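# Working through the structure, step by step
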Amino acid sequence: MNKYRLRLFVTGHSANSDRAVSNLRHLCEGELADLYQLEVIDVCENPQAAEAERIIATPTLIRALPPPLRRVIGDLSDREQVLLGLDLRHVEQLPPPPE
Amino acid sequence: MSDPFIEYDKIQKTSTGIQGLDGIALGGLPSGRTTLVAGTAGTGKTVFAAQFLAEGVRQFQEPGVFVTFEESAADIRRNVASLGWGIATWEASDQWCFIDASPQPGEEILITGSFDLGALLVRIEASVKRIGAKRVAIDSLGAVFARFDSDLIIRNELFRLSTALKRLGVTTVMTAERTSEYGAISRDSVEEFVTDNVIVLRNVLEEEKRRRTVEILKFRGTMHGKGEFPFTMMPETGIVVLPLTEIELDQRSSYKRITSGIAELDTMCGGGFFRDSVILVSGATGCGKTLTSTEFIAGGVAAGERCLLMAFEESRDQLSRNASGWGKDFDQFEQDGKLRVVARYPESGGLEDHLIRIKSEIMEFRPNRVAVDSLSALERVSTIKGFREFVIGLTSFIKAQEIAGLFTATTSSLLGGDSVTETHISTITDSIILLRYVEMFGEMQRGITVLKMRGSAHDKDIRAFNIDSCGMHIGPAFRNVTGILAGQPRHVPTAEIERLDQLFQQGTG
């Protein structure tokens, strides 16, 4: 089941790009197990994709699903910010269900 | 070319196509480089950037890429539609391409680590190559800084961007915000990384009047005009720069005389006005300025010339009624195609707008003579400096067309006195005619004198004139009155005049 659909825009194999990819894989495996689908897009290869999504900064991570669409930028090294930005915190810290 | 600068000027220029700007930029913006256009809010930066691309498409078939950080592409398309540019059409034919980098509604940017503007660079590069762009506009840098809270990264990235643009060989305009009209070049010190060329746009409030100016602060390694030049925004055209003080005194002079419309005045001027001269008629209210300009027009029409009357004090109907009171039929003149009367409120625009309109009327109607009644009315809507520039611009344009111009100016006091208009423009005009009230034995009489007549001998007398249903009639000189021009006419006994005459004869003899 692909609950989360993530798209990561990077530019070639720059230090930022590679760091972002590895940070994201790490995080997804830890938090989302098999609930996600990840697509890595190299804008150097595919400028139209960047144009369509109006990407300016790289790396940019977009949570395409579930809605609403959310985006964060940077190499994803600040784990807390990533979880906040993707609205994933509840996966980690779900409040105990009411009795 | 005999211009000594051209030979040493190795840097190519790209014509902006913006009217008047290429003149002061001595050809245009340095090609293949980035020019920073800085200005406070509302100075016309976005229009400048858009027009740089639009003129590229319209005049030089050069495609352009517009990168927008602030307004959305849709907003810009709509905003410049009022200028008559069909951007959507150009987009369809790949002459114009937007890179929309404006914030999306509801977008908040969360920064999770180190980043760069690689995607933007890739997008710009891809679009430039796709449409073969020669020009790029980036509006505005301030918005990028505001959006990403990481000045250091943005600074580095914009430097990378300007290097990349240079490599692509495109000529670029970047806009940046300023916080004050006369202070730091730009808010985020962007000039530190796009330092080659800087243009500053200003919108200064001077004596309750807005005055837009453009100044080329620097062009590295190439020449440009110095100082601030006024500009205005015209519908259908966009920015129009008035390079007034750049005008050269290279008009040809003519010895051909034309009639003033009044035979006696022609005689006083030594045979009429010169065909390509500018004449200032100065006088207090009601002493015959409008009549003088009416005679000037009627004289022209009678000689088979075409005349343009720019009126800023009275409506067309009022002028026509006045003229018929002096036996001149404006309606008939207009029907014959010999006259065009354009009446406007001075307040209907800034002086730059008026100048452009007068010029376009002249270009359209192609008159042999132009009368402006009155310049003083126009002075109300401007600052002294702005007014002076306006008169210089108008005078040199009229002379360049080799036509005659007659301007009227109102003096503030009834007797004697001079007008502000007069003091500011008297050196620019070729001839000055003074109309003055003369108080004589409890009666107001009118006097006329030719104060200055460049390039010709002229009558030095102050002559009396009267006005009737046929127009102006100039009579003999005021022989026994002195102090007319000073505004204190004094009657001098005939014996005293004879004594003075003899005194001079003895002196010279």
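Rules used throughout
Residues numbered from 1 in each chain as written. Chains lettered and ligands numbered in written order. Predicted model: local features only at pLDDT ≥ 70, side-chain atom pairs only at ≥ 80, totals over all residues. Heavy atoms only, no water. Helix = DSSP H or I, 4+ residues; strand = E, 2+ residues; numbered from the N terminus. Buried < 20%, exposed > 50% of the residue type's maximum accessible area, 1.4 Å probe, protein only. Contact = heavy atoms within 4.5 Å. Areas by Shrake-Rupley, 256 points an atom, 1.4 Å probe, with all protein chains shown as cover. Lys, Arg positive; Asp, Glu negative; His and termini not counted. Charge placed at Lys NZ, Arg CZ, Asp CG, Glu CD. Phe/Tyr/Trp six-rings, centres within 6.5 Å; stacked < 30°, edge-to-face > 60°. Lys NZ or Arg CZ within 6 Å of the ring centre and 35° of its normal. Core = buried A, V, L, I, M, F, W, Y, C linked by side-chain atoms within 4.5 Å. Salt bridge = Lys/Arg side-chain N within 4 Å of Asp/Glu carboxyl O. Buried area = accessible area lost by both parts, 1.4 Å probe. Pairing = 2+ DSSP bridges. Axes fitted to C-alpha atoms, helices over the stretch in contact; angles between N-to-C directions. Parallel < 35°, antiparallel > 145°, perpendicular 65-115°, else oblique. Left-handed = near helix turned anticlockwise from the far one by under 90°. Domains from an automatic or database assignment.

## What to know about the overall build of chain B
Across its full length, chain B carries 17 helices and 25 strands. By its C-alpha atoms, chain B is 100 × 50 × 45 Å across when sized along the principal axes. Burial status across chain B gives 54% buried among its 509 residues. For chain B, long-range pairs separated by at least 24 residues make up 69% of all intrachain contacts whose partners lie at least 6 apart in sequence. With an accessible surface of roughly 21800 Å², chain B has 51% of that area assigned to carbon and sulfur atoms. The averaged location of the 67 negative side-chain charges in chain B is 3 Å from the averaged location of its 56 positive side-chain charges.

## Section: the packing of aromatic side chains
Residues and elements named next belong to chain B. On inspection of all chains with the given rule, the structure shows 8 aromatic pairs over all chains. With 5.5 Å between their ring centres and 35 degrees between their planes, Phe115 and Phe148 make a pair best called tilted. One end of the pair, Phe115, is in the loop between strand 6 (110-111) and helix 6 (118-131); the other, Phe148, is in the loop between helix 7 (141-147) and helix 8 (151-168), with 33 residues separating them in the sequence. Each member of the aromatic cluster is reached from another via a ring pair, and the members are Phe66, Trp90, Trp96 and Phe98. A cation over a ring is seen here: Arg257 above Phe274, with NZ or CZ 4.2 Å from the ring centre. Lying over the aromatic face of Phe296, Arg369 brings its terminal NZ or CZ to 4.6 Å of the ring centre.

## Considerations on the nonpolar core
Counting residues in hydrophobic clusters, the biggest one holds 38 residues, and the most contacted among them are B:Leu265, B:Phe273, B:Ile297, B:Phe330 and B:Ile448. Ranked by residue count, the leading element in this core is helix 10 (residues 289-302) of chain B, at 5 residues. Leave out the neighbours within four places in its chain, and B:Phe330 touches B:Thr294, B:Ile297, B:Leu309, B:Leu319, B:Ser320, B:Ala323, B:Leu339 and B:Val341. Core analysis: the next-biggest nonpolar cluster, separate from the first, contains 36 residues, A:Ile73, B:Ala101, B:Ala133 and B:Ala176 among them.

## Points about the pattern of salt bridges
All names here are of chain B. The full count for this structure, using the stated rule, is 35 salt bridges over all chains. Two residues, Arg211 and Glu389, come together in a salt bridge whose shortest N-O distance is 2.7 Å. Within this pair, whereas Arg211 is found in strand 10 (residues 209-219), its partner Glu389 is found in helix 15 (residues 384-400), the two being separated by 178 residues in sequence. A relative accessible area of 8% places Arg211 in the buried class.

## Here's the deal with the interface of chain B and chain A
With 28 residues of chain B at the interface, the matching set in chain A holds 28 residues. For the pair chain B and chain A, the summed buried surface comes to about 2200 Å²; carbon and sulfur atoms form 53% of the total. Of all residues in chain B, B:Leu110, B:Thr112 and B:Arg123 give up the largest surface area on contact with chain A, accounting jointly for 33% of the area buried on that side. Where chain B meets chain A, there are 2 salt bridges. In this structure, A:Arg54 engages B:Asp100 in a salt bridge whose closest nitrogen and oxygen atoms are separated by 3.2 Å.

## Brief notes about the environment of B:Phe397
All names here are of chain B. In this fold, Phe397 is placed in helix 15. Linking Phe397 and Leu503, residues 106 residues apart in sequence, is a C-alpha distance of 48 Å. Beyond its immediate stretch of four places on either side in the chain, Phe397 contacts Lys359, Ile362 and Met363.

## Thoughts on the environment of B:Phe330
Residues and elements named next belong to chain B. The topology assignment puts Phe330 in helix 12 (residues 330-335). With relative accessibility at 1%, the residue Phe330 sits in the buried group. C-alpha of Phe330 to C-alpha of Arg316: the two residues are 14 residues apart in sequence and 9.4 Å apart in space.

## What about the sheet that holds strand 3 (residues 60-65) of chain A?
If you trace the 5 strands from one edge of the open sheet to the other, you get 2(A)-1(A)-3(A)-4(A)-6(B), paired in mixed fashion. Sheet topology places strand 2 (36-42) of chain A together with strand 6 of chain B at the edges, where each strand pairs with a single neighbour. With 4 bridges joining them, strand 3 of chain A and strand 4 (residues 70-73) of chain A adopt antiparallel strand pairing. Paired with A:Ile62 across the two strands is A:Arg71, which belongs to strand 4 of chain A. Lying over the sheet, helix 1 (residues 15-31) of chain A contacts strand 1 (4-10), strand 2 and strand 3 of chain A, oriented at roughly 165 degrees with respect to strand 1 of chain A.

## Description of the sheet that holds strand 4 (residues 64-68) of chain B
All names here are of chain B. One open sheet accounts for 9 strands, arranged 5-4-7-8-3-9-10-11-12; its pairing is mixed. Strands with a single pairing partner mark the edges of an open sheet, and in this sheet they are strand 5 (96-100) and strand 12 (238-241). Geometrically, the sheet is characterised by an average inter-axis angle of 25 degrees between neighbouring strands, direction not taken into account. As paired strands, strand 10 and strand 11 (residues 228-234) are joined by 3 bridges and run antiparallel to one another. Counterpart to Val214 in the pairing with strand 11 is Phe229. Contacts from helix 8 reach strand 3 (34-39), strand 7 (135-139) and strand 8 (171-177) within the one sheet, and its direction differs from that of strand 8 by about 155 degrees.

## Points about the packing of helix 6 of chain B against helix 8 of chain B
Residues and elements named next belong to chain B. Contact geometry of helix 6 with helix 8 gives a least axis separation of 10 Å together with a crossing angle of 15 degrees. The orientation of helix 6 with respect to helix 8, classified from their angle, is roughly parallel. Crossing hand, helix 6 versus helix 8: right-handed. Along its contact with helix 6, which presents Gly118, Leu121, Ile124, Glu125, Val128 and Lys129, the element helix 8 presents Glu157, Arg160, Leu161, Ala164, Leu165, Arg167 and Leu168.

## Details of the domain arrangement of chain B
All names here are of chain B. Assigned domains of chain B: these are domain 1 (4-246) and domain 2 (257-499). On a C-alpha basis, the centroid separation for the pair domain 1 and domain 2 is 45 Å. In this assembly, 12 residues from domain 1 lie in contact with 14 residues from domain 2. Note on domain 1 versus domain 2: buried area summed over both sides is about 1200 Å², and carbon and sulfur give 62% of it.

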